[in-house]
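A closer look at the structure
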Amino acid sequence: MIFNFAIKNSFLCRLPHSGDLLDELNKICLEKGIAAGSISVIGAVKSARVGFYNQSEKKYEAIVFDKSLEIASCTGNISLKEGKPFAHLHITLSDRDGSVYGGHLMPGTIIFAAEAHIQSFEGEAPVRERDEGTGLPLWKTGE
Ligand code: ZN
C-alpha cells in the first residue's frame, strides 16, 4: 500500500526546554491541523524513554535513560489514530562516548534543546487501526 502526497507546508520549530518531546510534537500537529506528514528532530534530551516491541508478546517494553543524550537522529511520520493526528517516531540517542541507543519514541523523553522539521502533506491522511497479525496500530489498507 502506497500513499501519494504533495507537500503542503514545511515548518521549523524550536521545541521548549523541559517539554516532553512526543507531547510537544503531537501538540504542534494538532495546532497546525497536520493529519499527514513527516517529522525529523535533532537536539539533545535530559532523559529518554524509548520502546522495544516484543514481537511474541505483542507489547512495548520501555527502556529508560536517566541521563543527558544527543538526539543523533529522530524521524517519523504523522497520520490519524482514533481521529486525531498521531506522530510515530523512532529516535537514535548518543552519549559522551559516541555510543548510541535507540527505539520507538515514547512519552517521558524530556527535551534539553530540540529543533524539529515538520512537513505537512496535502490530501487524505492514512488512518491507523489495530493490525491483528502484529498487534500494532498500522495504516488501514482497505483490503
Ligand atoms: Zn515505532
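Use the structure listed above.
Described in the following lines is the structure provided in the data block. Since this is a predicted model, take the numbers as computed values, not measurements. Residues take numbers from 1 onward in each chain, read along the sequence in its written order. Per-residue local features are limited, in this predicted model, to residues with pLDDT of at least 70; the limit for side-chain atom pairs, both in listing and counting, is 80 or more; totals at the level of whole chains, interfaces and linings are taken over all residues. Values reported for side chains reflect all heavy atoms of the structure, with hydrogen atoms and water molecules removed beforehand.

All right, on to the overall build of the chain then. By definition, any uninterrupted DSSP run of H or I lasting at least four residues is a helix, any uninterrupted run of E lasting at least two residues is a strand, and each is numbered from the N terminus. In terms of regular secondary structure, the chain is built from 1 helix and 9 strands. Starting at the N terminus and ending at the C terminus, the chain contains elements arranged as β-α-β-β-β-β-β-β-β-β. We compute the radius of gyration from the C-alpha atoms alone; for a globule the expected value is 2.2 Å times N to the 0.38, where N is the number of residues. The C-alpha atoms of the chain give 15 Å as radius of gyration, which agrees with the globular expectation for 143 residues (15 Å, within 12%). Within the span of the chain, comprising 143 residues, buried residues form 38% of the whole. Partitioning the contacts of the chain with sequence separation of at least 6, the portion at a separation of at least 24 is 68%. All accessible areas in this document rest on Shrake-Rupley with a 1.4 Å probe, and a residue is counted as covered only by the protein chains that are shown. Surface summary for the chain: the accessible area is close to 8,400 Å², and the carbon and sulfur share equals 51%. Positive residues here are Lys and Arg, negative ones are Asp and Glu, while His and the chain termini are left out of the count. Just so you know, the charge point we use is NZ for Lys, CZ for Arg, CG for Asp and CD for Glu. Within the chain, the 18 negative side-chain charges are centred at a point lying 3 Å from the centre of the 15 positive side-chain charges. Relative accessibility decides the category of a residue: with a 1.4 Å probe and only protein chains considered, values under 20% of the type maximum give buried, values over 50% give exposed, and everything between is partly exposed. Contacts are residue-level and defined by heavy atoms, with any inter-residue pair within 4.5 Å sufficient.

Another aspect to go through is the coordination of the zinc ion. Looking at the zinc ion, the protein donor atoms are His88 (NE2), His90 (NE2) and His104 (ND1), and they sit 2.0 to 2.1 Å from it. Metal coordination here is assigned from N, O and S atoms located within 2.8 Å of the ion, or within 3.2 Å for Na, K and Ca; omission of water means that sites may look incomplete. Sequence spacing of the donor residues for the zinc ion, all on one chain, is H-x1-H-x13-H. Of this pair, histidine 88 sits in strand 5 (residues 84-94) while histidine 104 sits in strand 6 (residues 100-105), placing them 16 residues apart in sequence. For histidine 104, a relative accessible area of 15% corresponds to the buried category.

Turning next to helix 1 (residues 21-32). Here helix 1 is 12 residues long and its end C-alpha atoms lie 17 Å apart, about the 16 Å a rise of 1.5 Å per residue gives. Listed in full, the buried residues belonging to helix 1 are Leu21, Leu22, Glu24, Leu25, Ile28 and Cys29. Buried residues in helix 1, looked at end-on, bunch into an arc of 170 degrees, giving them a common side. Exposed and oriented more than 90 degrees from the buried face of helix 1 are Leu30 and Glu31. Residues of helix 1 that are buried sit in contact with strand 1 (6-15), strand 2 (37-54), strand 4 (69-81), strand 5, strand 6 and strand 7 (110-122). Regarding helix 1, its N-cap is aspartate 20, as a side-chain oxygen of that residue lies 3.2 Å from the backbone nitrogen of leucine 22 further along. Among the residues trailing helix 1, glycine 33 stands out with phi positive, at a value near 65 degrees. Each residue after the first adds 1.5 Å to the expected span of a helix. Relevant arc is that of directions from the helix axis to the C-beta atoms, nothing else. In protein, a polar contact requires one atom able to donate a hydrogen and another able to accept it; more generally it is a pair of N or O atoms within 3.5 Å, and residues adjacent in sequence count only if both atoms are side-chain atoms.

Two aromatic rings, drawn from Phe, Tyr or Trp (for Trp, its six-membered ring), form a pair once their centres lie within 6.5 Å of each other, and the interplanar angle then sorts them: stacked below 30 degrees, edge-to-face above 60, tilted otherwise. Under the criterion given, the structure shown has 4 aromatic pairs. Ring centres of phenylalanine 3 and tryptophan 139 lie 5.8 Å apart, and the angle between their planes is 80 degrees; on these two criteria the pair is classed as edge-to-face. Of the two residues, phenylalanine 3 sits in the segment before strand 1 while tryptophan 139 sits in strand 9 (residues 137-139), which places them 136 residues apart along the sequence. Accessibility expressed as a relative area gives 28% for phenylalanine 3, which makes it partly exposed. Arranged with centres 5.3 Å apart and planes meeting at 25 degrees, the rings of phenylalanine 5 and phenylalanine 121 form a pair that is stacked. Remark: phenylalanine 121 occurs in strand 7 and phenylalanine 5 occurs in the segment before strand 1; sequence separation between them is 116 residues.

Salt bridges are counted wherever a side-chain nitrogen of Lys or Arg sits within 4 Å of a carboxyl oxygen of Asp or Glu. All chains considered together, the criterion is met by 4 salt bridges. With a shortest N-O distance of 3.3 Å, glutamate 24 and lysine 27 are connected by a salt bridge. Here glutamate 24 pairs with lysine 27, and both are found in helix 1, just 3 residues apart, close to one helical turn. Across the pair glutamate 57 and lysine 59 runs a salt bridge whose closest N-O atoms are separated by 3.6 Å. Residue glutamate 57 is classed as partly exposed on the basis of its relative accessible area, which comes to 49%.

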